[in-house]
Amino acid sequence: MAVGALDVGDDAGGSEAETAVHRLGRQVFDGVAEIGDVSLFSLRTLGWILRRRPRWSVLLPIFYAIGVQSVSVVAITGTFIGMVLAVQAYHEFESMGLATKMGSVINISLVKELGPVLAATMLAGRVGSSMAAELGTMRVTEQVDALTALGTDPIYYLAVPRFLACLLLIPLLTLMADFMGVIGGAGVCTQVMGVDSFAYWKHSRDFVEGLDILAGVLKSLFFGAAIALISCHRGFNSRAGAEGVGKAATEAFVFSFMAILFLDFVLGLAWNTMYRSLWPQTTGLL
Amino acid sequence: MSAGDAPAGGDLIEFRDVSIQFRRQKVLRGLNLTIRRGETLCVIGESGCGKTVLLKLIVGLLQPTTGKIYFEGEDVTRMDAKALVKLRLRFGFLFQMAALFDSLDVYDNVAFGLREHAVCGEDRVAKIVAERLQDVGLPPGLEHKKPAELSGGQRKRVGLARALALDPEVMLYDEPTTGLDPIMTDVVNELILQTQRGGHKTGIVVTHEMRTVTKVADRVVMFFPLARVGRGEPQVIYDGPPGGLEDAEDRRVRQFVRGEAGDRLRELAAQARAAGSP
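Helix and strand content of chain B: 9 helices and 10 strands. Scaling as 2.2 N^0.38, a compact globule of 278 residues should have a C-alpha radius of gyration of about 19 Å, and chain B matches this with 20 Å. Seen along its three principal axes, the alpha-carbon backbone of chain B occupies a region of about 65 × 50 × 40 Å. In chain B, buried positions account for 41% of the 278 residues. Sequence separation of at least 24 residues holds for 65% of the intrachain contacts in chain B that already meet a minimum separation of 6.

Quick look at the structure:
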């Protein structure tokens, strides 16, 4: 969070014509500075978590807003994703005589990939933008300055509870998305498409392992941390006015979504590498 | 800091050759200013001349680009995070729009500092909050209202109660009467006077309002925006008692005090023409 003034030397206000090279240089400089700023912000947030836990009266309302109020939206979207997967996959599998195997495909896709990514995307959309807008408004209305003037670090009071809520509650939301997706997929397959229920669940059980569910839940921890840090950082660095706050909210979602997909790729690679080194005979695609 | 660098005996705060700029915009240049213990200093001047920046520099909410700021001989610009927290607890800050925390009600806003710094138990917190709300003339029953439900004057008074909750030694007021009607302006001025005289506090009041100046100030300094100050000319164009403003030597001071546009409208038109010309 940059609050200091910048020294650009005595030529401030000079009117030297700006070329494309100047602009490129400034963009590279700004990009590097931004990465450094996010890194410092993250380190300060983690530092506060280790030093002092926020009061329960501060934590609980934020846990409620981020976790409990996200349950319905995550459950509904999770259910529909499972149902859509079933509808899209049924005819292909049925033509090959593999309709009873759909449970394994739908459920493995949900617990390893779609559940965590979907829960994280919903969290970024519903909570990330809202956090950025709230903190951005607090910044432009001097509430962040007021906190500092009252001797309280805004990162400790505002960012740490939101970080903890996202980090600790996203695994539960992921499990909720997984569960509802599994139910939605099974409902469509067995009740609408007429797939044999016993065979559907048997194949699912044979193919999906506890480790697959764990892989998805572990990924979600990284997603939750990224959403909280990016959204709070955007909020703290919001520019003045309604446009500035709106931009911060949009950037919070866009950057969080990009981070989710990037982390999904990197963690998938890392998990597969680890899985193959531990169990060389099996395939463990994340 | 060596003993020779420290400000003199009765001086509480000293700005020594302080400059600050935001990206390409210089706001303060080579500012030298001393604030004495126990006085109420009013800082006046046109918008954008750096009055609010001055307040934020004192409590380390902003860092100067160059120069030093001393509080009781300690260099604020070199303080670590812990020392800054200790320093800030000795100040009360009334922000321009009160800056009440939206998510908390009036009671929790006033109690915020007491709880965060574990100054006392909840019973004592309740007593202090009730006293402070009474001091600023807020009727009972407002404690559980959210800031959005309050009028502008009520917000300012809650902001003042919050700033006073930790019984600070120095009060910083950032445009305390902006946006208030004449009656409420006078109420807030009375409260400032009461706080300063009754509590024997040092105060710095940033304002545009001449009624506030005449009512509360022991001393007045007037800033001029850097864009309108010649090279080498000091930014502080008046430093003296409020009674001397009307007869100040500098024409710009007299114009500001009397609220006369003077040549300003012609200057603005010339600037607009210059900016629009190719």
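Picking up where we left off.
Attention now goes to the interface of chain B and chain A. Accessible area lost on assembly of the parts is the figure often given for the size of an interface. Across the contact, 25 residues belong to chain B and 18 residues belong to chain A. Of all the elements in the fold, those that place two or more residues in the side of chain B that touches chain A are strand E1 (11–22), helix H2 (81–88), strand E6 (91–94) and helix H3 (106–116) of chain B. Within the side of chain B that touches chain A, the residues separate by chemical class into 15 nonpolar, 5 polar and 5 charged.

Our next topic: the domain arrangement of chain B. Residue and element names in this part refer to chain B. According to the domain assignment, chain B contains domain 1 (3–90 + 170–276) and domain 2 (96–167). Ranked by the residues each element gives to the side of domain 1 that touches domain 2, the list is headed by helix H6 (residues 182–199), at 5 residues. In terms of residue class, the side of domain 1 that touches domain 2 is built from 8 nonpolar, 3 polar and 2 charged.

A few words on helix H6 (residues 154–192) of chain A. Residue and element names in this part refer to chain A. In a regular helix each residue adds 1.5 Å, so 39 residues correspond to 57 Å; H6 covers 53 Å between its end C-alpha atoms and thus fits that length. Leu169 marks where H6 bends most, by close to 35°; the proline Pro171 follows one to four residues later. Burial analysis of H6 places 31 of its 39 residues in the buried class, the great majority of the element. The positive-phi residue at the C-terminal boundary of H6 is Gly194, with phi of around 80°.

Residues and elements named next belong to chain B. Pairing within the open sheet is mixed, and its 6 strands lie in the order E6-E7-E8-E3-E9-E10. One side of each edge strand has no neighbouring strand; the edge strands of this open sheet are E6 and strand E10 (236–240). Recorded for the sheet is a direction-independent mean angle of 15° between the axes of neighbouring strands.

Next up on the list: the pairing of E1(B). Residue and element names in this part refer to chain B. Of the strand pairs in this sheet, E1 and strand E2 (residues 25–36) are connected by 8 bridges, and their pairing is antiparallel. From the neighbouring strand, Gln21 faces E2, where its bridge partner is Lys26. Where E1 hands over to E2, the hairpin turn is made up of 2 residues, of which Arg23 adopts a positive phi near 50°. Looking at chain direction, E1 and strand E4 (residues 66–71) are connected through 5 bridges and run antiparallel. Across the sheet, the residue bridging to Ser19 is Thr66, located in E4.

The next subject is the pairing of E4(B). All names here are of chain B. The sheet contact formed by E4 and strand E5 (residues 74–75) spans 2 bridges and is antiparallel. Its bridge partner lying in E5, Phe71 is registered against Glu74. Two successive antiparallel strands, E4 and E5, enclose a turn made up of 2 residues, where Glu72 displays a positive phi of approximately 50°.

All right, on to the sheet that holds E2(B) then. All names here are of chain B. Reading across from one edge, E2-E1-E4-E5 is the order of the 4 strands in this open sheet, with antiparallel pairing throughout. The two strands at the open ends of the sheet, each matched to only one other strand, are E2 and E5. Contacting E1, E2 and E4, helix H1 (residues 51–58) runs over the sheet at an angle of about 120° to E1.

All names here are of chain A. At a minimum axis separation of 9 Å, helix H8 (residues 210–236) and helix H9 (residues 241–278) run at an interaxial angle of 150°. With respect to each other, H8 and H9 are oriented roughly antiparallel. The element H8 and its partner H9 pack so that their crossing is right-handed. In this structure, H8 contributes Ala215, Lys219, Phe222, Phe223, Ala226, Ile227, Ile230, Ser231, Arg234 and Gly235 to the contact, and H9 contributes Ala248, Glu251, Ala252, Phe255, Ser256, Ala259, Ile260, Leu263, Asp264, Leu267 and Trp271. When the residues that make up the contact of H8 with H9 are grouped by side-chain class, the tally is 14 nonpolar, 3 polar and 4 charged.

Moving on to the environment of B:His117. The topology assignment puts B:His117 in the loop between H3 and helix H4 (122–135). In sequence terms B:His117 and B:Leu166 are 49 residues apart; their C-alpha atoms lie 9.6 Å from each other. In contact with B:His117, not counting residues within four places along its chain, are A:Gly151 and B:Leu89.

Each value, and the rule that gives it
- Residues numbered from 1 in each chain as written.
- Chains lettered and ligands numbered in written order.
- Predicted model: local features only at pLDDT ≥ 70, side-chain atom pairs only at ≥ 80, totals over all residues.
- Helix = DSSP H or I, 4+ residues; strand = E, 2+ residues; numbered from the N terminus.
- Rg over C-alpha atoms; globule rule 2.2 N^0.38 Å.
- Buried ≥ 20, exposed ≤ 12 C-beta atoms within 10 Å, placed from the backbone.
- Contact = placed C-beta atoms within 7 Å.
- Nonpolar A, V, L, I, M, F, W, Y, C, P; charged D, E, K, R; others polar.
- Domains from an automatic or database assignment.
- Expected span 1.5 Å × (residues − 1).
- Bend = angle between axes of the 7 residues up to and from the residue.
- Pairing = 2+ DSSP bridges.
- Axes fitted to C-alpha atoms, helices over the stretch in contact; angles between N-to-C directions.
- Parallel < 35°, antiparallel > 145°, perpendicular 65-115°, else oblique.
- Left-handed = near helix turned anticlockwise from the far one by under 90°.

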